[in-house]
Amino acid sequence: MGLALVHSRARAGVRAPAVTVEVHLAGGLPRMNIVGLPEAAVREAKDRVRSAIVCAQFEFPARVITVNLAPADLPKDGGRFDLPIALGVLAASGQIPLEALARFEFVGELGLTGELRLVDGALPAALEAAKAGRTLVVPAPNGAEAALSRDGEVLTARTLLEVCAALVGSRALPHAVAPAPVTPRGPDLDEVRGQAHARRALEIAAAGNHHLLLIGPPGCGKTLLASRLPGILPQAGEAEALEAAAIASVSGRGLDPSRWLERPYRAPHHTASAVALVGGGALPRPGEISLAHHGVLFLDELPEWDRRALEVLREPLESGVVTISRAARQCEFPARFQLVAAMNPCPCGWAGDPSGRCRCSGEAIQRYRARISGPLLDRIDLQIEVPRLPPADLRPGGVPAESSATVRTRVEAARALQLVRAGKANAQLGQAETMLTCTLSEHDQRLLEQAVEAMQLSARSMHRILRVARTIADLAGSESIVTAHLTEAIGYRRLERGPGRLAA
Ligand SMILES: [Zn+2]
């Protein structure tokens, strides 16, 4: 008697490792010690647990209470363990039945009056509790999110008292219910006028999962185009959507459970810090690149971004994972995002515009473009110009543009071919796979070699051209890559066609 064990879950990256809360009561001058939490978190937890127990009309034991959170080396943010600690105190002092606790896991922060407050990472906790074969009890505001796990049983409670009533068997807790998913209805491509070239590039990007750079003057519609990409990507599978939802769940910014099947679209401002972009913090949280997992990351004004922040993108752009090191601890977050970047063609934004209003010197334009590192540019398969629309194109009426749904049908057909052929999207093909699946006729091979020579492209860029050509062929339903597919693909390496040519 005097010892209780309660199961709980910590938050570490997108995982929810098991934590055992051991509560031991002994004689002596009444006090409460919590072992295994940082000092400040311990103080606050003590106050909340004591107050919640008293408010729920239970007795706070006048004994020596020792609480141990094991294992000791796990990352532990304070609040989520309030509920298991309070239950441990009540069970160890015989106020609720000990044996009732074993098949449950609990997370939840307590308010001073015993109400249960939202915690981060309820979805990963639910996924892992299900694997352990235990029922998870979460605060009511976390219910919809935790219910996305589906496999296990998740119950919700509003107060400590409700949990205790369920444990003594007087009133059952309600099951968590996932809201009906709303049909994804992001902004639609039919609202984009003109820009046939950019729409085509967007469709290719979607079909092959290629990164895309849009170059054009202010107001030409770069943001408008980028925000339409999620809507034409193949529908996310449940496994993919669940991965993205788990990241949102631990982000501390909340997750809208009704929109979990939508592909994420993140558009951070260029003043965002490296930590905001890639993730970090004392108990690391995911950054924008992870919040865009299986979706789209839009970086506007690319040359304005802190170069160091952009450099960090290189690794996740290749591997789909970002590793955050913090003191002795390492933490990984998935970050398989599709990048859409945008920039003006020159510092004033009007280079190449027929109005001739650009007065930037060639040198200034060079400096501006040099702010984007070659290795980053190398990783962007499609680079296109988006011109300002002539006023005639903006007149009302005319032929309505194609809708996102129509374009998505073609994208899904092209992606299906890729999955059958290589088990992945074309943009993810390795070098050897590219050589194997993107073969050219002898004539086209020479054509490609001439282009590589003339544009002074790296081997990496050459492989990217081949993969884009493969996607163009897939969109055409063509078994082989023909000359037209290849020349179109070469045309999408806009920034590499020799210095200064863009402005000409
Ligand atoms: Zn200019």
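Position labels on residues start from 1 in each chain and follow its written sequence. Per-residue local features are limited, in this predicted model, to residues with pLDDT of at least 70; the limit for side-chain atom pairs, both in listing and counting, is 80 or more; totals at the level of whole chains, interfaces and linings are taken over all residues. To get the side-chain values, take all heavy atoms of the structure and skip hydrogens and water.

Caption draft 1: View of the overall build of the protein chain. On a plain count of helices and strands, the protein chain comes out with 20 helices and 18 strands. Its C-alpha atoms put the protein chain at 85 × 50 × 45 Å along the principal axes. Classification of the 504 residues of the protein chain by burial places 52% in the buried group. Of all intrachain contacts in the protein chain linking residues separated by at least 6 positions in sequence, the fraction that spans at least 24 positions is 75%. Per-residue and other accessible areas follow the Shrake-Rupley method at a 1.4 Å probe size, with only the shown protein chains counted as cover for residues. In the structure as shown, the protein chain presents an accessible area of about 21,900 Å², 54% of it carried by carbon and sulfur atoms. Where helices and strands are cited, they refer to DSSP runs of H or I of at least four residues and of E of at least two residues respectively, numbered from the N terminus. Buried residues are those whose accessible area, probed at 1.4 Å on protein chains only, stays under 20% of the maximum for their type, while exposed residues exceed 50% and partly exposed ones sit between those limits. Contact between two residues is taken to exist if any of their heavy atoms lie within 4.5 Å; hydrogens are not considered.

Caption draft 2: Structural context of the packing of aromatic side chains. Pairing of aromatic side chains requires ring centres within 6.5 Å, counting the rings of Phe and Tyr and the six-membered ring of Trp. Pairs whose planes differ by under 30 degrees are stacked, by over 60 edge-to-face, and all others tilted. Counting across every chain of the model gives 2 aromatic pairs. Where F104 meets F106, the ring centres are 5.8 Å apart and the plane angle is 40°; that geometry is what we call tilted. Both residues of the pair, F104 and F106, belong to the buried class. Relative to F298, the ring of Y265 has its centre 6.5 Å away and its plane inclined at 15°; by these criteria the two rings are stacked. Of this pair, Y265 sits in strand β11 (residues 265-266) while F298 is found in strand β14 (residues 296-299), placing the two residues 33 residues apart along the sequence. Among the residues examined, Y265 registers a relative accessible area of 28% and is labelled partly exposed.

Caption draft 3: Seen up close, the nonpolar core. Throughout, nonpolar core names a set of buried Ala, Val, Leu, Ile, Met, Phe, Trp, Tyr and Cys residues whose side chains join them through atoms within 4.5 Å. Core analysis: the biggest nonpolar cluster contains 48 residues, and L212, L214, L229, V340, I384, L448 and Y492 have the highest contact counts within it. Counting 45 residues, the second-largest nonpolar core is a separate cluster that includes V21, F81, I96 and L110.

Caption draft 4: View of the pattern of salt bridges. Basic side-chain nitrogens of Lys or Arg form a salt bridge, by our definition, when they fall within 4 Å of a carboxyl oxygen of Asp or Glu. Evaluated as defined, the whole model comprises 30 salt bridges. A salt bridge links R263 to E240; the shortest N-O distance between them is 3.4 Å. With R263 in the loop between α9 (238-250) and β11 and E240 in helix α9, this residue pair connects regions lying 23 residues apart in the sequence.

Caption draft 5: Spatial organisation of the coordination of the zinc ion. Because water is not among the atoms used, a metal site may look incomplete, as its donors are only the N, O and S atoms within 2.8 Å, or 3.2 Å for Na, K and Ca. Looking at the zinc ion, the protein donor atoms are C346 (SG), C348 (SG), C358 (SG) and C360 (SG), and they sit 2.2 to 2.4 Å from it. Under the classification used here, a metal with four donors is tetrahedral if each angle lies between 85 and 135 degrees, square planar if opposite donors are over 155 degrees apart and the others between 65 and 115, a six-donor metal meeting that same test is octahedral, and anything else is irregular. Metal-centred angles of 104 to 114° between the 4 donor atoms at the zinc ion mark the site as tetrahedral. Going along the chain, you hit the donors of the zinc ion in the pattern C-x1-C-x9-C-x1-C.

Caption draft 6: Spatial organisation of the domain arrangement of the protein chain. The domain architecture assigned to the protein chain consists of domain 1 (3-167) and domain 2 (189-415). Residue-level contacts link 17 residues of domain 1 with 18 residues of domain 2. The term buried area refers to how much accessible surface (probe radius 1.4 Å) is lost by two components on association, counted for both of them together. Here domain 1 packs against domain 2, burying approximately 1,500 Å² in sum over the two surfaces, 65% of which is carbon and sulfur. Summed over the three residues of domain 1 that lose the most area to domain 2, namely R11, V14 and L148, the buried surface amounts to 37% of that side. Residue R285 is joined to D120 by a salt bridge in which the shortest nitrogen-to-oxygen separation is 2.5 Å. Definition of a polar contact: a pair of N or O atoms within 3.5 Å, with one able to donate and the other able to accept a hydrogen when the atoms are protein atoms, and with sequence-neighbouring residues admitted only if both atoms are side-chain atoms. Across the domain 1-domain 2 interface, the total number found is 8 residue pairs in polar contact (both at pLDDT 80 or more). Every element with two or more residues in the side of domain 1 that touches domain 2 is listed here: α3 (122-131) and α4 (143-146). In this document the domain limits rely on a domain assignment from an automatic tool or a database.

Caption draft 7: Region of the structure containing the sheet that holds strand β10 (residues 212-215). When DSSP locates at least two bridges between a pair of strands, those strands are taken to pair. Reading across from one edge, β11-β14-β17-β10-β18 is the order of the 5 strands in this open sheet, with parallel pairing throughout. The open sheet terminates on both sides in strands that have one partner only, identified here as β11 and β18 (382-385). Pairing analysis gives 4 bridges linking β10 to strand β17 (residues 338-343), with the strands arranged parallel. Bridge pairing links L212 to V340 in β17.

Caption draft 8: Seen up close, the side chain of R415. With respect to the secondary-structure elements, R415 resides in helix α16 (residues 404-422). Of the buried charged residues, R415 lacks a salt bridge, with E240 as the closest side chain of opposite charge at 6.3 Å. Here A207 takes part through its backbone oxygen, which lies 2.8 Å from a polar atom of the side chain of R415. The residues touching R415, leaving out its near neighbours within four places in the chain, are A206, A207, G208, N209, L233, P234 and A425. For this count, His and the chain ends are skipped, Lys and Arg are scored as positive, and Asp and Glu as negative.

Caption draft 9: Structural view of the confidence of the model for the protein chain. For every residue, the pLDDT score states the predictor's confidence, bounded by 0 at the bottom and 100 at the top. Mean pLDDT over the protein chain: 90, with 96% of residues reaching 70 or higher. Of the regions scoring below 50 in pLDDT, residues 498-504 engages in 14 contacts with residues more than four places distant in sequence or in other chains.

Caption draft 10: A look at helix α19 (residues 459-475). The span one expects for a helix is its residue count, reduced by one, times 1.5 Å. Taking 1.5 Å of rise per residue, the 17 residues of α19 would be expected to cover 24 Å, and the 25 Å separating its terminal C-alpha atoms lies within 8% of that figure. Counted residue by residue, α19 has 15 buried out of 17 residues, so it is predominantly covered. One or two positions beyond α19, positive phi appears at G477, with a value near 70°.

Caption draft 11: Layout of the environment of T20. Relative to the helices and strands, T20 is located in strand β2 (residues 18-26). Residue T20 is classed as partly exposed on the basis of its relative accessible area of 26%. Residues T20 and L69, spaced 49 residues apart in sequence, show a C-alpha to C-alpha distance of 5.8 Å. Apart from the residues lying within four places of it in its own chain, the contact partners of T20 are L5, V6, N68, L69 and A70.

Caption draft 12: Seen up close, the side chain of Q418. As for its placement among the helices and strands, Q418 is situated in helix α16. Polar side-chain contacts of Q418 include one of 2.8 Å to the backbone nitrogen of N426. Ignoring anything within four residues of it in the chain, the contact list for Q418 reads A207, G208, G423, K424, A425, N426, T471 and D474.

Caption draft 13: View of the environment of I53. Here I53 is to be found in helix α1 (residues 39-55). You can call I53 buried: its relative accessible area is 0%. Counting along the chain gives 34 residues from I53 to L87, while the straight-line C-alpha distance between them is 9.0 Å. The residues contacting I53, other than those within four sequence positions of it, are F58, E59, F60, A86, V89, L90 and L160.

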